[in-house]
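Report on the structure
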Number of protein chains: 2
Amino acid sequence: MTRYVDQSLEQVRTALLEMAGRVEEMIADANRALAERDSTLAESVILADPLIDAMEKRIDEDCLLLLALQEPKAIDFRCIIAIQKIVGELERMGDSAVNIAQGVLQLNAESPLEPRVDLPSLAEIARGMVRESLDSFVRKDAALARSVCERDDDADAVYHRLFGELVGMMRSSPGKVDRALHLLLAARNLERIADHATNVAEDVIFYLEAEDVRHSRPPSAIRALGANPPRPS
Amino acid sequence: MTRYVDQSLEQVRTALLEMAGRVEEMIADANRALAERDSTLAESVILADPLIDAMEKRIDEDCLLLLALQEPKAIDFRCIIAIQKIVGELERMGDSAVNIAQGVLQLNAESPLEPRVDLPSLAEIARGMVRESLDSFVRKDAALARSVCERDDDADAVYHRLFGELVGMMRSSPGKVDRALHLLLAARNLERIADHATNVAEDVIFYLEAEDVRHSRPPSAIRALGANPPRPS
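Report follows, based on the coordinates. Note that the structure is a prediction, hence the values are computed from the model and not measured. (Residues numbered from 1 in each chain as written. Chains lettered and ligands numbered in written order. Predicted model: local features only at pLDDT ≥ 70, side-chain atom pairs only at ≥ 80, totals over all residues.)

1. Regarding the overall build of chain A
Which entries qualify depends on this criterion: Labels follow the DSSP assignment, with helices taken as runs of H or I lasting at least four residues and strands as runs of E lasting at least two, numbered in each case from the N terminus. Only C-alpha atoms enter the radius of gyration; for comparison, a globular chain is expected to reach 2.2 Å times N to the power 0.38, where N is the number of residues. Any residue with 12 or fewer other C-beta atoms within 10 Å of its own C-beta is exposed, any with 20 or more is buried, and the rest are partly exposed; the C-beta atoms used are placed from the backbone. It is the C-beta atoms, placed from the backbone, that decide contacts: two residues are in contact if theirs lie within 7 Å.
Helix and strand content of chain A: eight helices and zero strands. Reading the helices (α) and strands (β) of chain A from amino to carboxyl end gives α-α-α-α-α-α-α-α. Against the globule reference of 17 Å for 233 residues, chain A gives a C-alpha radius of gyration of 19 Å, in line with a compact fold. By principal-axis analysis of the C-alpha atoms, chain A measures approximately 70 × 45 × 25 Å. Each of the 233 residues in chain A was classed as buried or not, and the buried ones make up 48%. For chain A, contacts bridging at least 24 residues in sequence account for 81% of all contacts bridging at least 6.

Listed below in structure tokens is the structure:
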């Protein structure tokens, strides 16, 4: 006999995956709008945001009901808590996609910035991390979740390289300041999307193994102190 | 007779307020380090981060235990959920303070930027919002929490004004690009701290009134579409 909590939890998981699919689409569209200078697509990303917000509220509410009214087993309990946290991360990823889309509208008001800056490589890393963090939840694959966490440094490294390139452009060409700054903010948002994917992966590890792996490596800010020059904040 | 859950919840509340006090200190120190060009103080902010992370993990764990092992009343239940969310916001505020402190270290490697940009006014707004969002939790004051939410637009407006000033400087003085960019990122982090304070206030309203007020106003990105030119992302 299926318990009531199993059925309800299954519904919440389905709602989470639907929300995740929409957020992945927003990220992909924001990146395509950026690469192809497509303002219409950028606007569609911005207009998708309220739906994501509504989905977050709805799923959050359902999780609270499950926690309050049911007597979930320990693994269900951790699953519900993980879903709540993942939903928060997805909502923030959606916000980052909206920020990128807003930047696209401003960039498209001017001629393209030359030489081209390799934002697509950062977009590709972020996209892959989001995909695999969600896959690790669906497949209950803690090893995959751990591999996502390890790739956060790659995203940081590419972000810092792009940051340096764009600041160099701003320094040498005052006429490029606005466009370079919008690209820099887009890169920052991609790096944040990668951070959120890392958080999702950490939530999955907590769900599967009851282990809280957040902040388990020394923060990069502290690694930077003394050893290397501080990185862009 | 005091219920066990009351005692435990009181302990978690106390731990939350201790964490909040530390984060407020980090924000104040980061702002003072920025205003007074104090690299030692900036480094102390960066070094405080692991303590905040550890506090977050500990409180989160205690909340899970309370949720899992006890049978809290509805108001306690909402209080525990609110504490979990507030702790997450505090941790992110701490990260923003660290980002500002990292920027200070880079700014101090160069001569001060002239003319001065009025970051202290934004710092003051953010600091007040953080203080009052936490006060609204302590005093169970939903009206105060609502007033914090309303002030988020003020923080946004000041941020956009500073953003415009700093971009203008970058355009006209290539030699100022690095410093103006670090100040711009500091302003962005202050604006994020104000956002997190708003989220805390929303969590307090949920706790006190069982009402989820998140995203209840049309997002500024959508208000901007069509009506006004898009704002910095």
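2. A closer look at the interface of chain A and chain B
Worth spelling out the cut-off: Basically, the charged four are Asp, Glu, Lys and Arg, the nonpolar ten are Ala, Val, Leu, Ile, Met, Phe, Trp, Tyr, Cys and Pro, and anything else, Gly included, counts as polar.
At the interface, 40 residues of chain A touch 39 residues of chain B. When residues in the side of chain A that touches chain B are grouped by element, the largest group, eleven residues, is from helix α2 (residues 39-69) of chain A. In terms of residue class, the side of chain A that touches chain B is made up of 23 nonpolar, eight polar and nine charged.

3. Quick word on the packing of helix α4 (residues 119-138) of chain B against helix α5 (residues 142-150) of chain B
Residues and elements named next belong to chain B. Here is the rule: Note on geometry: axes are C-alpha line fits, over the in-contact stretch for helices, and angles between N-to-C directions span 0 to 180 degrees. Oblique is the label for any angle not under 35 degrees, not over 145, and not in the 65 to 115 range, which are roughly parallel, roughly antiparallel and roughly perpendicular in turn. Rotating anticlockwise by less than a right angle from the far helix to the near helix defines a left-handed crossing, while the corresponding clockwise rotation defines a right-handed one.
The contact between α4 and α5 brings their axes to 8 Å, and the two run at 155°. The angle between α4 and α5 falls in the class roughly antiparallel. In this structure, the crossing between α4 and α5 has a hand that is left-handed. Where α4 abuts α5, its residues Met129, Glu132, Ser133, Asp135 and Ser136 lie against Leu144, Ala145 and Val148. Among the residues forming the contact of α4 with α5, the class breakdown is four nonpolar, two polar and two charged.

4. Section: the relation of the copies chain A and chain B
To keep it simple, the criterion reads: Copy-to-copy superposition: least squares on the C-alpha atoms, limited to residues that have pLDDT of at least 70 in both copies.
Take chain A, turn it by 180°, move it 0.0 Å along the axis, and it overlays chain B with an RMSD of 0.0 Å. In short, the pair behaves as if placed about a two-fold rotation axis. Minimal C-alpha separation from the rotation axis in chain A is found for A:Pro174, amounting to 3.0 Å. A symmetric contact is evident, with 98% of the interface residues of chain A recurring at the interface of chain B.

5. Here we look at the environment of B:Asp153
Residue and element names in this part refer to chain B. Secondary-structure assignment places Asp153 in helix α6 (residues 152-172). Overall, the presence of 13 C-beta atoms within 10 Å leaves Asp153 in the partly exposed class. Between the alpha carbons of Asp153 and Ala194 there is a distance of 9.6 Å; along the sequence they are 41 residues apart.

6. A word on helix α5 (residues 142-150) of chain A
All names here are of chain A. Note the threshold: To obtain the arc, one takes the directions from the helix axis to the C-beta atoms.
Residues of α5 that are buried include every one of Ala145, Val148 and Cys149, and no others. Across the axial projection of α5, the buried residues extend over an arc of 100°, all falling on one side. Those residues of α5 that are exposed and aimed more than 90 degrees away from the buried face are Ala143 and Glu150. Of the surrounding secondary structure, the elements contacted by the buried residues of α5 are α4 (119-138), α6 (152-172) and α7 (177-209).

7. A look at the nonpolar core
Note the threshold: In these notes, a nonpolar core means any group of buried Ala, Val, Leu, Ile, Met, Phe, Trp, Tyr and Cys residues linked to one another through C-beta atoms within 7 Å.
Counting 152 residues, the largest nonpolar core has A:Leu122, A:Ala126, B:Leu122 and B:Ala126 as the members making the most contacts within it. With sequence-adjacent residues up to four places away left out, A:Leu122 is seen in contact with A:Ala155, A:Val158, A:Tyr159, A:Leu162, A:Ala187 and A:Leu190.

8. Notes on helix α1 (residues 4-36) of chain B
All names here are of chain B. As a reminder of what qualifies: One less than the residue count of a helix, multiplied by 1.5 Å, gives the span that helix is expected to have.
The terminal C-alpha atoms of α1 lie 48 Å apart, and with 33 residues this matches the ideal 48 Å at 1.5 Å per residue to within 8%. Those residues of α1 not exposed but buried are Leu9, Val12, Leu16, Met19, Ala20, Val23, Met26, Ile27, Ala30, Asn31, Ala33 and Leu34. Positive backbone phi, at 55°, marks Arg37, one or two positions downstream of α1.

9. Notes on the environment of B:Arg171
With respect to the helices, strands and loops of the structure, B:Arg171 is situated in helix α6. A count of 18 C-beta atoms within 10 Å places B:Arg171 in the partly exposed class.

10. A few points about the environment of A:Ala186
Residue and element names in this part refer to chain A. Assignment of secondary structure puts Ala186 in helix α7. With 28 C-beta atoms counted inside 10 Å, the residue Ala186 sits in the buried group. Residues Ala186 and Gln102 lie 84 residues apart in sequence; the distance between their C-alpha atoms is 9.4 Å. If we skip the residues at most four places from it in the chain, Ala186 touches Leu34, Ile100, Gly103 and Leu119.

11. Here's the deal with unusual backbone geometry
All names here are of chain A. A cis amide bond, omega -10°, links Glu114 with the succeeding residue Pro115. With respect to the element layout, Pro115 can be found in the loop between α3 (74-107) and α4. Phi is positive for Arg37, close to 55°, though the residue is something other than glycine. Note that Arg37 resides in the loop between α1 (4-36) and α2.

12. Some thoughts on the packing of α4(B) against α6(B)
All names here are of chain B. Packing of α4 against α6 leaves a shortest axis separation of 10 Å and a crossing angle of 160°. Considering their axes alone, α4 and α6 lie roughly antiparallel with respect to each other. In terms of crossing hand, the pair formed by α4 and α6 is left-handed. Of the residues in α6, those in contact with Leu119, Ser121, Leu122, Ile125, Ala126 and Met129 of α4 are Asp154, Ala155, Val158, Tyr159 and Leu162.

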